[in-house]
Amino acid sequence: MAELHTAEPIRDTSFPADLDYPLAKAYQTFGHRSYFRGVDIGYRWRQGQRTDEICLRLHLDRKLPLDALMPSQVLPTHVEGVALDVIEAAYQPSLEPGAARRASTRQPYTLGGLPCGRSGEGAGTIGLVVIDKTNGKPGILSNWHVLAGPRARRNDPIMQLGERDDEFDPRNHIANLKRWMLNRSGDAALAELLPDQPWLPLQFGGFESISRVRSACLGEILNKTSRASSNAQARVDGRGLYRLQYETRQGMLEYRVIEGLKLVYETDIPVAGGKVSSAGDSGSAWVSAATGDAVALQIGGQTASANCLSSTQQGVIASEMAPILETLEIRLASFEDLLAQNGQNPVLTHRQQVCADMSHDSDEAMRAPQWPHPQHWVDASFSQPRRPRRPDRSETSPSAAQVVPMVRILPNKPALLQPILATTSQQSESGQDIWQKRLCPALLDYDPNFRGVLPAEPLVHRISIADERNINAFFCRLINRSERFDGIGLRQVLETDFTGATTYMQICDRIDALRRQP
């Protein structure tokens, strides 16, 4: 569990411990009723204004006048001697639909506060960059309903979303889903960042790393970082149990009661656009404005209704951060973790070299044709089209560095030399010539992680693929766009030319056979 640190004292903001029993009693009494949406300890509101009185508050989806209620339906004024207030409100987790996502620039580094989600499932927000305590690897923290949901499986691809309608762009694939939770302690999930994904232990728009986690104080001001509704501030208005409706299995909705906080925007707290929350804010981290400590993870917002609270009292529901970190076995990431990870792999991939350019036009250097994500390929016809001639290299054509991979290049690892060297002598001389002068240099031009590659090495030692078609397409585009294959009588190759090839030398043999064709 992350170590908790007490923040600087904030006057009159502690939650009264003597109200814990009345809170549990109120939940036991009213929690089974259909109109129940929560019960907490918080401030009493009168005519849209917050007072200094702290009481029990029962949240109902709809308030009815006394003359419309039967005597058995009239709520008591006190529970265990503590005043009971009634608030009309309902809460719901939400995702921003992909079609409605705001256009934004692709960010080279993964940071807290950036949009994320499962491919094609809508967008939420990265709460924090964290470290998995079970293996020391970096990851991102967000909601269960953002990263997982009812259709989730372990290792599902997680996307860092930026530009409109780009859910299936493989450049957005930054992490794989690992663990999740949807229980009384919170709604959260962990996705492990890919080995070559650049990251920083910062929140978007800030330059300070979050180093501590602590519990919330009643009445304190929290900051949120999210690209969906920009930066916002809210006050901790209550803490208790809140009922939200989730799709827990495909087509099945269930109510879940979650312990957490209610945050309320007030007129005396500035906020961009007058809006504390939007659909894409699910998963955002709320951080103390006074101390910079991580306090809570947003899970949902208040649903709109005709009799809803005014816009100056918009409600946000958030899980406290400490129980989430303990359950998922994670901790906050730091710059020390970043330096340690970079020291383990001194060879930068082409993608990391591009992302290292923090200039204002770095996005221009990453432009490339759009390709669907490997997990969402549609079966294509494998009929043999007419083989075109290779383009004249005197004309402008993309370089090898511009080839967009539909596969992921793995970090450089030591190869098993003896078995590989024993097989290379059996290959044809022409295949060796293509390997030494053509394919191996083209691979190194594309990505330095191919340094030390051997001709009989299996392709999957350095390339992670979803299926064989992806790796065939990778070599097809690499060979057709590399100048190193000019002048050997080779016409443009097709993806199907490499079906069944499992080593680099077999790729070379296919190239040799193709160039000998009339």
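As the structure is a computational prediction, the values presented were derived from the model and not from experiment.

**Student:** Quick one: what's the story with the overall build of the chain, residue by residue and with numbers?
**Tutor:** When helices and strands are counted, the chain shows 10 helices and 23 strands. Burial analysis of the chain (518 residues in total) assigns 52% to the buried set. Partitioning the contacts of the chain with sequence separation of at least 6, the portion at a separation of at least 24 is 73%.

**Student:** Any chance you could break down empty space enclosed by the protein for me, citing the residues and the numbers?
**Tutor:** Applying the stated criterion across every chain yields a total of three cavities of 30 Å³ or more. Computed from the structure, the second largest cavity encloses a volume of approximately 60 Å³. Lining the second largest cavity, in full, are Leu128, Val129, Pro201, Leu202, Gln203, Ile210, Leu332 and Ala333. Here the element with the most residues in the lining of the second largest cavity is strand S14 (residues 199–203); it accounts for three residues. For the lining of the second largest cavity, the per-class residue count stands at seven nonpolar, one polar and no charged.

**Student:** With reference to specific residues and values, describe the pattern of salt bridges.
**Tutor:** The tally for this structure, following the rule as stated, stands at 23 salt bridges. Asp293 is paired through a salt bridge with Arg212; the nearest N and O atoms lie 2.9 Å apart. Of this pair, Asp293 sits in the loop between strand S18 (285–288) and strand S19 (294–302) while Arg212 sits in the loop between S14 and strand S15 (221–224), placing them 81 residues apart in sequence. Overall, Arg212 belongs to the partly exposed group, its relative accessible area being 26%. Salt-bridge contacts for Arg331 lead to Asp337; the nearest nitrogen and oxygen are separated by 2.9 Å. Taking relative accessible area as the criterion, Arg331 reaches 30% and is therefore assigned partly exposed. Asp337 sits in the buried class, given a relative accessible area of 15%. The structure contains a network of salt bridges with shared partners spanning Arg212, Arg214, Glu220 and Asp293.

**Student:** Account for the state of the cysteines, with residues named and values stated.
**Tutor:** Under the definition given, this model contains zero disulfides. As a non-bridged cysteine, Cys440 has Cys508 as the owner of its nearest cysteine sulfur, 8.8 Å distant.

**Student:** Tell me about the packing of aromatic side chains, residues and numbers included.
**Tutor:** According to the stated counting rule, one finds eight aromatic pairs in the structure shown. Aromatic pair Tyr91 and Tyr242: ring centres 5.9 Å apart, planes at 85 degrees, arrangement edge-to-face. Here Tyr91 is found in strand S5 (residues 91–92), whereas its partner Tyr242 is found in strand S16 (residues 232–249), with 151 residues between them in sequence. Judged by its relative accessible area of 2%, Tyr91 falls in the buried class. Centre to centre, the rings of Tyr446 and Phe474 are 5.5 Å apart; their planes meet at 70 degrees, and the pair counts as edge-to-face. A residue pair is termed long-range when its members are at least 10 positions apart, and Tyr446 in helix H8 (residues 429–446) and Phe474 in helix H9 (residues 468–481) qualify at 28 residues. Pair check on accessibility: Tyr446 and Phe474 agree, each one buried. Through successive ring pairs, a cluster of aromatic residues spans Trp435, Tyr446, Phe450, Phe474, Phe475 and Tyr504.

**Student:** Go over the confidence of the model for the chain with me, naming the residues and quoting the values.
**Tutor:** One rule of thumb: low pLDDT means the predicted coordinates there are not for detailed reading. Summing up the model confidence of the chain, the mean pLDDT is 76 and the portion of residues at 70 or higher is 68%. This model gives residues 1–13 a pLDDT under 50, and the stretch forms 26 contacts once residues within four places in sequence are excluded. Here residues 356–385 scores under 50 on pLDDT; set against residues more than four positions off or in separate chains, the count is 52 contacts.

**Student:** Residue-level account of the sheet that holds strand S11 (residues 157–160), with values.
**Tutor:** The strand order S8-S7-S11-S12-S13-S10-S9-S21 describes an open sheet built from eight strands, whose pairing is antiparallel. Each edge of the sheet is formed by a strand with only one pairing partner; in this case those strands are strand S8 (124–125) and strand S21 (330–332). Its contacts with the sheet place helix H3 (residues 321–328) against strand S9 (128–132), strand S10 (138–142), strand S12 (173–183), strand S13 (186–193) and S21, and it is angled at close to 110 degrees to S12.

**Student:** Please provide a residue-by-residue account of the nonpolar core, values included.
**Tutor:** Ranked by size, the top nonpolar core spans 34 residues in total, and within it Ile140, Leu147, Ile158, Leu177, Leu244 and Tyr246 carry the most contacts. Counting residues per element, the ones that place at least two in this core are S9, helix H2 (144–147), S12, S13, S14 and S16. Ranked by residues supplied to this core, first place goes to S12 with four residues. Excluding residues that lie within four positions of it along the chain, Leu177 makes contacts with Leu147, Ala148, Ala152, Arg153, Arg154, Asn155, Asp156, Ile158, Ala189, Leu190 and Ala191. Leu443, Phe450, Phe498 and Tyr504 belong to the second-largest nonpolar core, a separate cluster that totals 29 residues.

**Student:** Mind laying out the environment of Tyr246, listing which residues take part and the relevant values?
**Tutor:** Looking at the element boundaries, Tyr246 is found in strand S16. As a C-alpha pair, Tyr246 and Gly149 span 97 residues in sequence and 8.9 Å in three-dimensional space.

**Student:** Go over helix H1 (residues 20–30), please, and point to the residues and values.
**Tutor:** One full turn of an α-helix is made of 3.6 residues, so residues set three or four places apart face in the same direction. Among all positions in H1, only Pro22, Leu23, Ala26 and Phe30 are buried. Around the axis of H1, the buried residues are gathered within 105 degrees of arc, so they sit on the same side. Among the exposed residues of H1, those pointing more than 90 degrees away from its buried face are Tyr21 and Gln28. Check the buried side of H1 and you find it contacts strand S1 (36–46), strand S2 (49–60), strand S3 (78–79), strand S4 (82–88) and S16.

**Student:** Quick one: what's the story with the pairing of S11, residue by residue and with numbers?
**Tutor:** For a regular strand, side chains alternate in direction, first toward one face of the sheet and then toward the other. Of the two faces of S11, both are covered, the one formed by Pro157 and Met159 as well as the one formed by Ile158 and Gln160. Where strand S7 (residues 115–118) lies against S11, three bridges are found, and the strand directions are antiparallel. Paired with Arg118 across the strands is Ile158, a residue of S11.

**Student:** So what's going on with the pairing of S2? Residues and values would help.
**Tutor:** The sheet contact formed by S1 and S2 spans nine bridges and is antiparallel. Looking at S2, one finds that Phe36 is bridged to Leu60. Hairpin connection, S1 to S2: the antiparallel pair is bridged by two residues, and Gln47 has positive phi, about 50 degrees. In the sheet, S2 pairs with S4 via five bridges, with the strands oriented parallel. Note on S4: the bridge partner recorded for Leu56 is Leu84.

Conventions adopted
- Residues numbered from 1 in each chain as written.
- Predicted model: local features only at pLDDT ≥ 70, side-chain atom pairs only at ≥ 80, totals over all residues.
- Heavy atoms only, no water.
- Helix = DSSP H or I, 4+ residues; strand = E, 2+ residues; numbered from the N terminus.
- Buried < 20%, exposed > 50% of the residue type's maximum accessible area, 1.4 Å probe, protein only.
- Contact = heavy atoms within 4.5 Å.
- 1 Å grid on protein atoms, 1.4 Å probe; cavity = no way out; pocket = protein on both sides within 12 Å on 5 of 7 lines; lining within 4 Å.
- Points joined across faces, edges and corners; volume = space filled by probe spheres on them.
- Nonpolar A, V, L, I, M, F, W, Y, C, P; charged D, E, K, R; others polar.
- Salt bridge = Lys/Arg side-chain N within 4 Å of Asp/Glu carboxyl O.
- Disulfide = S-S within 2.5 Å.
- Phe/Tyr/Trp six-rings, centres within 6.5 Å; stacked < 30°, edge-to-face > 60°.
- pLDDT = per-residue confidence, 0-100.
- Pairing = 2+ DSSP bridges.
- Axes fitted to C-alpha atoms, helices over the stretch in contact; angles between N-to-C directions.
- Core = buried A, V, L, I, M, F, W, Y, C linked by side-chain atoms within 4.5 Å.
- Arc of directions from axis to C-beta.

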